[in-house]
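Structural description and commentary
For reference, the chains in residue letters:
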Amino acid sequence: QVQLVESGGGLVQAGGSLRLSCAASRGTFSGVAMGWFRQAPGKEREFVAGISWTGSNTYYADSVKARFTISRDNAENTAYLQMNSLKPEETAVYYCAAHYYSSGYASPERYNYWGQGTQVTVSS
């Protein structure tokens, strides 16, 4: 079983940057694909980015391409989401999640484990 803990959220002005981290506090990332999702108040949880176990494949929602970068350090059991040029409408709770499949990164139901989330607030 994998337990995930996110960190790095906070308040940032529009156009600013944040780097989120997702650490496995129990278990390891071995063979595990990772994803980041976000959920704003009153909205459904939406896919942001995903990365394969080796890190060789990455996936992004169209809305964040060229601004966000997902990465991982398997030796440190940690995944990251670098977010640049943030917009106020991206204010949300950001969650990391883990699954054992090779596809379906954008589908929340694919994921076996979820972190507790970290709040990102982008002010205008």
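Residues numbered from 1 in each chain as written. Predicted model: local features only at pLDDT ≥ 70, side-chain atom pairs only at ≥ 80, totals over all residues. Heavy atoms only, no water.

Quick notes on the sheet that holds strand S7 (residues 68-73)
The criterion, for reference: Paired strands are those between which DSSP finds at least two bridges. The way it works is that DSSP assigns letters per residue, a run of H or I at least four long becomes a helix, a run of E at least two long becomes a strand, and they are numbered from the N terminus. For helices, the fitted line uses only the C-alpha atoms of the stretch in contact; every axis is such a line through C-alpha atoms, and the angle between N-to-C directions lies from 0 to 180 degrees.
Strand order in the open sheet formed by 4 strands is S1-S3-S8-S7, with antiparallel pairing between adjacent strands. Whereas interior strands pair on both sides, the edge strands pair on one side only; in this sheet they are strand S1 (3-7) and S7. The sheet shows a mean angle of 20 degrees between the axes of neighbouring strands, direction not considered. When S1 meets strand S3 (residues 18-26), the two strands line up antiparallel, connected through 5 bridges. Across the sheet, Glu 6 pairs through a bridge with Cys 22, a residue of S3.

Quick look at the environment of Tyr 111
Formally: For each residue, the accessible area found with a 1.4 Å probe, counting protein chains only, is set against the maximum for its type, and the residue is called buried under 20%, exposed over 50%, and partly exposed in between. In this description, contact between two residues means that some pair of their heavy atoms is separated by no more than 4.5 Å.
Tracing the sequence through the fold places Tyr 111 in the loop between strand S9 (92-99) and strand S10 (113-114). Relative accessible area serves as the criterion here: at 6%, Tyr 111 is assigned to the buried category. Taking the C-alpha atoms as reference points, Tyr 111 and Gly 35, 76 residues apart in sequence, are found 8.3 Å from one another. Excluding residues within four positions of it along the chain, Tyr 111 makes contact with Met 34, Gly 35, Phe 37, Phe 47, Ala 97, Ala 98, His 99, Gly 104 and Tyr 105.

A look at the state of the cysteines
To be explicit about the condition: Cysteine sulfur atoms are paired as a disulfide whenever they fall within 2.5 Å.
Here the structure, examined in full by the defined rule, presents 1 disulfide. What pairs with Cys 22 in a disulfide is Cys 96, and their sulfur atoms sit 2.0 Å apart. Around the S-S axis, the bridge from Cys 22 to Cys 96 shows a dihedral of about 60 degrees and counts as right-handed. With Cys 22 in strand S3 and Cys 96 in strand S9, this pair connects stretches of sequence that are 74 residues apart. In this structure, Cys 22 and Cys 96 share a single accessibility class: buried.

Digging into the side chain of His 99
As a reminder, the rule being used: Counted as a polar contact is a pair of N or O atoms within 3.5 Å, where, for protein atoms, one must be capable of donating a hydrogen and the other of accepting one, and residues adjacent in sequence contribute only when both atoms are in side chains.
Position of His 99 among the secondary structure elements: in strand S9. A distance of 2.9 Å separates the side chain of His 99 from the backbone nitrogen of Tyr 101, its partner in a polar contact. For His 99, the residues in contact, after removing those within four places along its chain, are Gly 31, Val 32, Ala 33, Tyr 105, Arg 110, Tyr 111 and Asn 112.

Notes on the packing of aromatic side chains
Under the convention used in this document: Planes of paired rings set the category: under 30 degrees apart is stacked, over 60 is edge-to-face and the rest tilted, where pairs are Phe, Tyr or Trp rings (Trp by its six-membered ring) whose centres lie within 6.5 Å. In this scheme, Lys NZ or Arg CZ marks a charge over a ring once it lies within 6 Å of the ring centre and within 35 degrees of the ring normal.
Counted by the stated rule, this structure contains 7 aromatic pairs. Here Phe 37 and Trp 114 contribute two aromatic rings whose centre-to-centre distance is 5.1 Å and whose plane-to-plane angle is 55 degrees, an arrangement assigned as tilted. Of this pair, Phe 37 sits in strand S4 (residues 33-39) while Trp 114 is found in strand S10, placing the two residues 77 residues apart along the sequence. With relative accessibility at 0%, the residue Phe 37 sits in the buried group. Exposure remark for Trp 114: the relative accessible area of 27% places this residue in the partly exposed category. Aromatic ring contacts, followed pair by pair, group Phe 37, Phe 47, Tyr 95, Tyr 111 and Trp 114 into a single cluster. Arg 19 extends its terminal NZ or CZ atom over the ring of Tyr 80, reaching a point 3.9 Å from the ring centre. Over the face of the ring belonging to Tyr 95 we find Arg 45, whose NZ or CZ atom lies 3.9 Å from the ring centre.

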